[in-house]
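Next come the chains, spelled out residue by residue.
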Amino acid sequence: MIGDDVFARRAAGLEWLLFDVDGVLTNGYLLYTWRGEVVKLFHTHDGMGFRLAQRAGLKVGLFSGRRSKPLERRATELDVDAVVLGARDKRKEFEKFLDEHETSPGRIAYVGDDLPDLPVLGRCALSFAPADAVSEVRDVVHVVLETPGGAGVAREMIERILKARGEWEGVLSRFSLG
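Summarised in this report is the structure supplied together with it. (Residues numbered from 1 in each chain as written. Predicted model: local features only at pLDDT ≥ 70, side-chain atom pairs only at ≥ 80, totals over all residues. Heavy atoms only, no water.)

**Here we look at the packing of helix α1 (residues 4–12) against helix α7 (residues 153–164)**
The geometry of a pair of packed helices is captured by two quantities: the angle between their axes and the separation between those axes. Note the following rule: Angles shown run from 0 to 180 degrees and are taken between the N-to-C directions of axes, each axis being a line fitted to C-alpha atoms and, for helices, limited to the stretch in contact. Helix numbering and strand numbering both begin at the N terminus, where a helix is a DSSP run of H or I of at least 4 residues and a strand a DSSP run of E of at least 2. Note on angle classes: values under 35 degrees are labelled roughly parallel, values over 145 roughly antiparallel, values of 65 to 115 roughly perpendicular, and the remainder oblique. In what follows, a contact means two residues having at least one pair of non-hydrogen atoms within 4.5 Å. Residues were grouped as follows: Ala, Val, Leu, Ile, Met, Phe, Trp, Tyr, Cys and Pro as nonpolar; Asp, Glu, Lys and Arg as charged; and all remaining residues, including Gly, as polar.
Packing of α1 against α7 brings their axes to within 8 Å, and their N-to-C directions diverge by 95°. If you check the angle between α1 and α7, you find them roughly perpendicular. Residues Phe-7, Ala-8 and Ala-11 of α1 touch α7, and the partners they reach there are Arg-160, Ile-161 and Ala-164. Here the residues of the contact of α1 with α7 sort into five nonpolar, no polar and one charged.

**Considering empty space enclosed by the protein**
Put simply, the rule reads: Of the grid points, spaced at 1 Å and generated over the protein atoms alone, those admitting a 1.4 Å probe that cannot get out make up cavities, while open sets with protein on both sides within 12 Å along at least five of seven lines make up pockets; any residue with an atom within 4 Å of a point is treated as lining. Grid points are joined across faces, edges and corners, and a volume is the space filled by probe spheres set on the points.
Within this structure, the stated rule accounts for one cavity of 30 Å³ or more. By volume, the largest cavity amounts to about 40 Å³. Lining the largest cavity, in full, are Leu-25, Phe-42, His-43, Asp-46, Gly-47, Phe-50, Leu-62, Arg-74 and Leu-78. Secondary structure elements with two or more residues in the lining of the largest cavity: α2 (44–55) and α3 (69–78). At three residues, the largest contribution of residues to the lining of the largest cavity is made by α2. Of the residues assigned to the lining of the largest cavity, the class counts are five nonpolar, two polar and two charged.

Below, the structure is given as structure tokens:
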């Protein structure tokens, strides 16, 4: 855990928000149809959170160890800035991501829930975990969120970051009733 001042300083320097998928944007369950197709459930609040982050000038990326058609479709619908699929070795794929996007770990916030996320979580400016992440992840991240995986984790993370950056009211102004 880090203090509010350090959190705000790091949030101000962010360029990218990266999200693991299974167990973060979904509840981690894999549901197969009788045809063997995978069904994934995504929370609409996360999608709105992505749009709010992008409106504030942040880039959003998905960083998944799996490949799936539902994830590809959701990424397209949300117009995310980067998608890394099939990242079995997240350390290696993260290095590749940094090179391809000409950025550094100090400009990235990442949320993950399980052991394969540890090499990335340990390098980013800000690291987050859903409430139901494995204990090894909860023990090393900067913030353990109140929300469990698949229930709006990204939205909670994004709200915290935008509030720390002083941008929350600005992105909300578009939705005001007045």
